[in-house]
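# Fold and contact review
Letter by letter, the chains look like this.
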Amino acid sequence: MTKPKVAFYWCASCGGCEEAVVDLAEDVLAVVDAVDIAFWPVALDFKVSDVEALADGELAASFVNGAIRTSEQREMAELLRRKSAVVVAFGACAWLGGIPGLANLSSRESILEFVYRGSPSTSDGDGVRPQEETDVPEGRLRLPHFDETVRTLDQVVDVDYYLPGCPPPVDLIRSAVTALVEGRLPEKGSVLAPDVALCAECPRAQTKPTDLKVTQFRRPHEVIADPETCLLAQGLVCLGPATRSGCGAPCTAANMPCTGCMGPTSRVIDYGAKALSAIASLVAPSDEEAVGEAVDRLVDPVGTFYRYSLPASLLHRRVERDAAGSRGGGQGWARRS
Amino acid sequence: MGSEILIDPITRLEGHGRIHIFLDDDGEVDRAYLQIPELRGFETFARGRRAEDMPQITSRICGVCPMAHHMAGTKTLDDLYHVDPPPAATKVREMVYDAFMVEDHALHFFFLGGPDFVVGPSAPKAERNVLGVIGKVGLEVGKEVIGVRKELRGLISDAAGKVIHPVFGLPGGISQPVSPELRDRFAAGAARAVEFGKFALQVFRDVVLSNREYVDLVTSEAYTHRTYYLGLVDERNRVNYYDGRLRVVDPDGAELVTFPAREYLDHVAEHVEPWSYLKFCYLRDVGWKGFTDGVDSGVFAVAPLARLNASEGMSTPVAQEAYEELCSTLGGKPVHYTLATHWARLVELVNAAERMAELAADPDITSPEVRRIPTETPTEGIGVVEAPRGTLIHHYATDERGLITQANLIVATQNNAARIALSVDKAAKALVHGAEVDEALLNRVEMAFRAYDPCFGCATHALPGQMPLIVEVRDPSGTLVRELRRD
């Protein structure tokens, strides 16, 4: 029997998903044994033309990590889609947009404005900015264009499965590859992880009160958390109740709240809305003023609840910024001449 | 106008470095440009975020060196909130950071940059990788490389929550103490890492230093630049990765300035070119004089060799001995041979391992006192660490609620960007003559920047040692006259 061919590919990502595959360590050899890796730019020297030469659908699966921000990334996603029986969105960025998806809170213009003019360390030149085409004495140099918006993989191509996490836990990567090799894949559209909330596997689960109420939310640096008690019960915004399990709860085990990188369970459409409502429902006070006070402590709702999922959310992106936000510039920061 | 050679990753993603070589009418290199075609805007979307989230948000700049950003961010929070962590917290942070330095340097030497030497710069491309290294030095060694990295990464996970995207850093300390059991494992891991470091240095001696051809390559003019050097040093001017003052030496090795990170804006500035998204850092004290080296040019270098040059030695015995051997073998300091960075990386590997062992043996290391709650209003903070690839600076300002109003990041590869650009240009001029370039020759051009271990992972998601390349030679009308693929 011939081994199934698979591809690993990255789009707009940090490389952490690739490192997670490397962290399979000696199990990488087992993977190499079970499948024929036809394309994996980080580790193997196959080229795009090798992928182009494959028959449509010849790849059993492509694992694609990272969000989509350029035409090249979109084209690669489309190519791998055409050549693959199964496309897996690998990690939080491909599935939900991830932390780089927070760039949808700013415009392309405000990014360029800050980096090349407003930043206090950027020298005052003549307002030089990178250009898509530059004529230098020796000839012409080109840079690619960036889309205004960060997109998820399934906003660009049809996706069959999702592997959650930032990065996906090694155990989930292993079982996904195994399921693929053994032909035991679930229904299309499934997230390849347990479909229950993180609290189910949190070492603090036993201490979570059944009628949990919070009178005042506290931020992680404001409290020395008890290492065994439910973090929500200590007033910390832990997103465990809204977040899918399968990671083994390493963050709560390290005495830090869950920030939701594993995304939602299958019953949720918009992760941030779910997380916000899960936290809001814990507010103890019932009079308006006290509720307002409690909620005021949630100082950055977008960054807290949509940290990994803004591009996939119903909000999707911010289209306008107020004058202060759109300027990027160095207001308040002394610049060195 | 003559021909052009474009070295571009075959994947052609925005995230990958690109070398564009222009030839003149005689087929000689007019100029080679290294372009970084990527920009992500972390500083801009950081605005409005909670300051305490920054160590976790900025670690997503790079999944290869997430601990560097996490730690720089955490130290920036200490400064922002005007809070000193308890001694145990500082020591645990440094111990974990040293474990990270060891495993990251091991990754580079054995998987990325090292194969050029261990297997050979002109070896068949199919062997010029980690498997080739294992073929040369033995399977047991390969297993030990994987084993050491796995053990250290496991220790980092247990102390910091996760190894890829750590969570333990908070202003005024860390989220959890180190248990006696974990301390014992750190001690064992450190002992193994020290032995591994000694072994790696021996591999370098046996394979590189005993080979006249390699030594000539390392010391050849094509890979030499006389620039300034920047690195963190402790109170005795010895290399430190976690903390200290920033020291700059000039191309003759004399101290130009030593300053605390808080004053970085007085000394480091960024120059913009229209043809690359990456900015080029230079020394304000000297000024930007274009892409040129020498005492009058503000171009400087960071990363292992620069750290050794900017210091007066190492803090641990085995590393100090290796440092002295490096300096005397290469004709004294400062060492301007870019390719000697690979050797310096191994000196640092053993230094970080020894330092990790010292900290694991420190009686404070298991103290439960690892947090101090900030009581002052946050204002502005600056933090620095030495990332494996060089000096990394985070700078945040907040409102009184601790929400970010401004963030500025100087990443290692930016500090090195101008010198990397010089290196690529110089290597191309020395090595490329005419459009008939072969794959081995191109690899030697690529080696000029691979030595820096440039974290295009930070900017581009690529691990440069594995980067497939394509070369296109075009005539002045733009017609393809020759194509060479290295993939």
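Model, not experiment: these values are computed from the prediction.

Counting secondary structure elements, chain A contains 12 helices and 7 strands. Of all 337 residues assigned to chain A, the portion counted as buried reaches 48%. Taking the contacts inside chain A whose residues are at least 6 apart along the sequence as the reference set, 76% of them involve residues at least 24 apart.

Right, let's get into the overall build of chain B. Along the backbone of chain B there are 16 helices and 16 strands. Here chain B holds 487 residues, and the buried ones make up 65% of them. Of the contacts made within chain B by residues no fewer than 6 positions apart, 71% connect residues no fewer than 24 positions apart.

Moving on: the sheet that holds strand β6 (residues 228-233) of chain B. Residues and elements named next belong to chain B. The sheet built from 4 strands is open, its strands ordered β8-β7-β6-β11 with mixed pairing. Each of the sheet's edge strands pairs with one partner strand only, and the pair in question is β8 (255-259) and β11 (300-301). Note: strand β7 (residues 245-249) against β8, 4 bridges, orientation antiparallel. Note that in β8 the partner of Arg247 across the bridge is Thr258.

As a further point, take the interface of chain B and chain A. Often, the extent of an interface is quoted as the loss of accessible area upon association of its parts. Across the boundary between the two partners, chain B contributes 81 residues, which contact 69 residues of chain A. Residue assignment for the side of chain B that touches chain A shows that the elements contributing at least two residues are β2 (18-23), β3 (29-35), α1 (42-45), α2 (54-58), α7 (139-160), α10 (264-267), β9 (268-271) and β14 (404-410) of chain B. Counting residues per element, the side of chain B that touches chain A draws most heavily on α7(B), which supplies 5 residues. In the side of chain B that touches chain A, the residues fall into 35 nonpolar, 22 polar and 24 charged.

All names here are of chain A. Within the open sheet, the 5 strands sit side by side as β2-β1-β3-β4-β7. Their pairing is parallel. Unpaired on one side and paired on the other, β2 (36-39) and β7 (161-163) mark the two borders of the sheet. Strand-to-strand twist in this sheet, taken as the mean axis angle between neighbours without regard to direction, amounts to 30 degrees. The pairing of strand β1 (residues 5-10) with strand β3 (residues 59-65) spans 5 bridges and is classified as parallel. Looking across to β3, one finds that Ala7 is bridged to Ser62.

All names here are of chain B. Burial runs high along β14: 6 of the 7 residues are buried. Across 6 bridges, strand β13 (residues 390-398) lies against β14 in antiparallel orientation. Across the sheet, His395 pairs through a bridge with Asn408, a residue of β14. In sequence, β13 turns back onto β14 through a hairpin of 5 residues, with Gly402 there showing a positive phi of about 80 degrees.

One broad trend across soluble globular proteins is that nonpolar side chains are buried collectively. Within the largest apolar cluster, 256 residues are counted, with the highest numbers of intra-cluster contacts made by A:Val64, B:Val347, B:Met356 and B:Val424. Among the elements that take part in this core, helix α4 (residues 87-112) of chain B stands out by supplying 15 residues, more than any other.

Another point: the domain arrangement of chain A. By domain assignment, chain A separates into domain 1 (5-99 + 148-181), domain 2 (108-142) and domain 3 (198-305). Look at where the C-alpha atoms of domain 2 of chain A and domain 3 of chain A centre, and you get two points 42 Å apart.

Here we come to the environment of B:Ser59. All names here are of chain B. By secondary structure assignment, the location of Ser59 is in the loop between α2 and α3 (66-80). Classification of Ser59 by C-beta neighbours within 10 Å gives buried; the count is 28. Along the primary structure Ser59 and Met71 are separated by 12 residues, whereas in three dimensions their C-alpha atoms are 8.8 Å apart. Those residues in contact with Ser59 that sit more than four places away from it in its chain are Pro66, His69, His70, His165 and Pro166.

The next thing to look at is the confidence of the model for chain A. Taken residue by residue, chain A gives an average pLDDT of 87. The fraction at 70 or more is 90%. This model gives residues 321-332 of chain A a pLDDT under 50, and the stretch forms 23 contacts once residues within four places in sequence are excluded.

As a further point, take α4(B). Compared with the 38 Å implied by 1.5 Å per residue over 26 residues, the 36 Å span of α4(B) between its first and last C-alpha is a close match. Most of α4(B) is tucked away: 24 of the 26 residues are buried.

Residues and elements named next belong to chain A. Looking at the element boundaries, Pro285 is found in the loop between α9 (271-280) and α10 (288-296). A C-alpha to C-alpha distance of 57 Å links Pro285 and Gly57, two positions 228 residues apart in sequence. Here Pro285 is in contact with Thr215, Ala290, Val291 and Ala294, once residues within four sequence places are set aside.

What follows concerns the environment of B:Gly298. With respect to the element layout, B:Gly298 can be found in the loop between β10 (280-283) and β11. Here B:Gly298 is in contact with B:Tyr282, B:Leu283, B:Val286, B:Gly287, B:Trp288 and B:Lys289, once residues within four sequence places are set aside.

Basis of the calculations
- Residues numbered from 1 in each chain as written.
- Chains lettered and ligands numbered in written order.
- Predicted model: local features only at pLDDT ≥ 70, side-chain atom pairs only at ≥ 80, totals over all residues.
- Helix = DSSP H or I, 4+ residues; strand = E, 2+ residues; numbered from the N terminus.
- Buried ≥ 20, exposed ≤ 12 C-beta atoms within 10 Å, placed from the backbone.
- Contact = placed C-beta atoms within 7 Å.
- Pairing = 2+ DSSP bridges.
- Nonpolar A, V, L, I, M, F, W, Y, C, P; charged D, E, K, R; others polar.
- Axes fitted to C-alpha atoms, helices over the stretch in contact; angles between N-to-C directions.
- Core = buried A, V, L, I, M, F, W, Y, C linked by C-beta atoms within 7 Å.
- Domains from an automatic or database assignment.
- pLDDT = per-residue confidence, 0-100.
- Expected span 1.5 Å × (residues − 1).

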